[in-house]
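Spelled out, the chains give:
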Amino acid sequence: QVQVVESGGGLVQAGGSLRLSCAASGRTVSSYAMGWFRQAPGKEREFVAAISRSASTVYYADSVKGRFTISRDNAKNTMYLQMNSLNPEDTAVYYCAAYYNLGYGLASRVFEYDYWGQGTQVTVSS
């Protein structure tokens, strides 16, 4: 099992950038694929991006493709989400999540993930 904690959220103007971090701990962190989700006020939690155990595969939601970059540093047990060209529609609580990955694709649905952080707020002003 793993534990994950997000950080790096804040308030930025439209067009600005933020980098979120997710610190993971546990006995077998490298055995887990990881991902980012977000939840805006009045909306359900939605998929943002996912990354495989070795970082050889990444997957993005269409809404963030070309603007966000997911990465991980297994030596530091940390995952990142670099967010560029932010717009007000990106305002949400962002969650780090993880699941045990057997090597067959990447999950993009909430119920497929086993471990969750408590979230970090990202607010983009117009």
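Caption draft 1: Representation of the state of the cysteines. In the structure shown here, the tally under the stated rule is 1 disulfide. There is a disulfide in this structure between cysteine 22 and cysteine 96, and the S-S distance comes to 1.9 Å. One disulfide, between cysteine 22 and cysteine 96, carries an S-S torsion of -70 degrees and so falls in the left-handed class. Remark: cysteine 96 occurs in strand β9 (residues 92-100) and cysteine 22 occurs in strand β3 (residues 18-26); sequence separation between them is 74 residues.

Caption draft 2: Quick peek at the side chain of asparagine 101. Position of asparagine 101 relative to the elements: it lies in the loop between β9 and β10 (115-116). Classification of asparagine 101 by relative accessible area gives buried; the value is 6%. Of the polar contacts made by the side chain of asparagine 101, one reaches the side chain of arginine 53; its length is 3.4 Å. Here asparagine 101 is in contact with Ser31, Tyr32, Ala33 and Arg53, once residues within four sequence places are set aside.

Caption draft 3: Main features of the packing of aromatic side chains. Scanning the entire structure with this criterion turns up 8 aromatic pairs. Centroid distance phenylalanine 37 to tryptophan 116: 5.0 Å. Interplanar angle 55 degrees. Geometry classified as tilted. Of the two residues, phenylalanine 37 sits in strand β4 (residues 32-39) while tryptophan 116 sits in strand β10, which places them 79 residues apart along the sequence. According to the relative accessible area criterion, phenylalanine 37 is buried, its value standing at 0%. With a centroid separation of 5.3 Å and an interplanar angle of 25 degrees, the aromatic rings of phenylalanine 47 and tyrosine 59 are classed as stacked. With phenylalanine 47 in strand β5 (residues 46-51) and tyrosine 59 in strand β6 (residues 58-60), this pair connects stretches of sequence that are 12 residues apart. The exposure class of tyrosine 59 is partly exposed, given its relative accessible area of 41%.

Caption draft 4: Just the pattern of salt bridges, in detail. Tallying each qualifying case throughout the model produces 5 salt bridges. With a closest N to O distance of 3.2 Å, lysine 65 and aspartate 62 form a salt bridge. Here aspartate 62 falls in the exposed class, since its relative accessible area comes to 66%. The closest approach of N and O atoms between arginine 67 and aspartate 90, which form a salt bridge, is 2.8 Å. On the criterion of sequence distance, the pair formed by arginine 67 in the loop between β6 and β7 (68-73) and aspartate 90 in the loop between β8 (78-83) and β9 is long-range, its members being 23 residues apart. What makes arginine 67 buried here is its relative accessible area of 16%. Connected through shared salt-bridge partners, Arg38, Glu46, Arg67 and Asp90 make up one network.

Thresholds applied
Residues numbered from 1 in each chain as written. Predicted model: local features only at pLDDT ≥ 70, side-chain atom pairs only at ≥ 80, totals over all residues. Heavy atoms only, no water. Disulfide = S-S within 2.5 Å. Helix = DSSP H or I, 4+ residues; strand = E, 2+ residues; numbered from the N terminus. Buried < 20%, exposed > 50% of the residue type's maximum accessible area, 1.4 Å probe, protein only. Polar contact = N/O pair within 3.5 Å; in protein donor to acceptor, adjacent residues only side chain to side chain. Contact = heavy atoms within 4.5 Å. Phe/Tyr/Trp six-rings, centres within 6.5 Å; stacked < 30°, edge-to-face > 60°. Salt bridge = Lys/Arg side-chain N within 4 Å of Asp/Glu carboxyl O.

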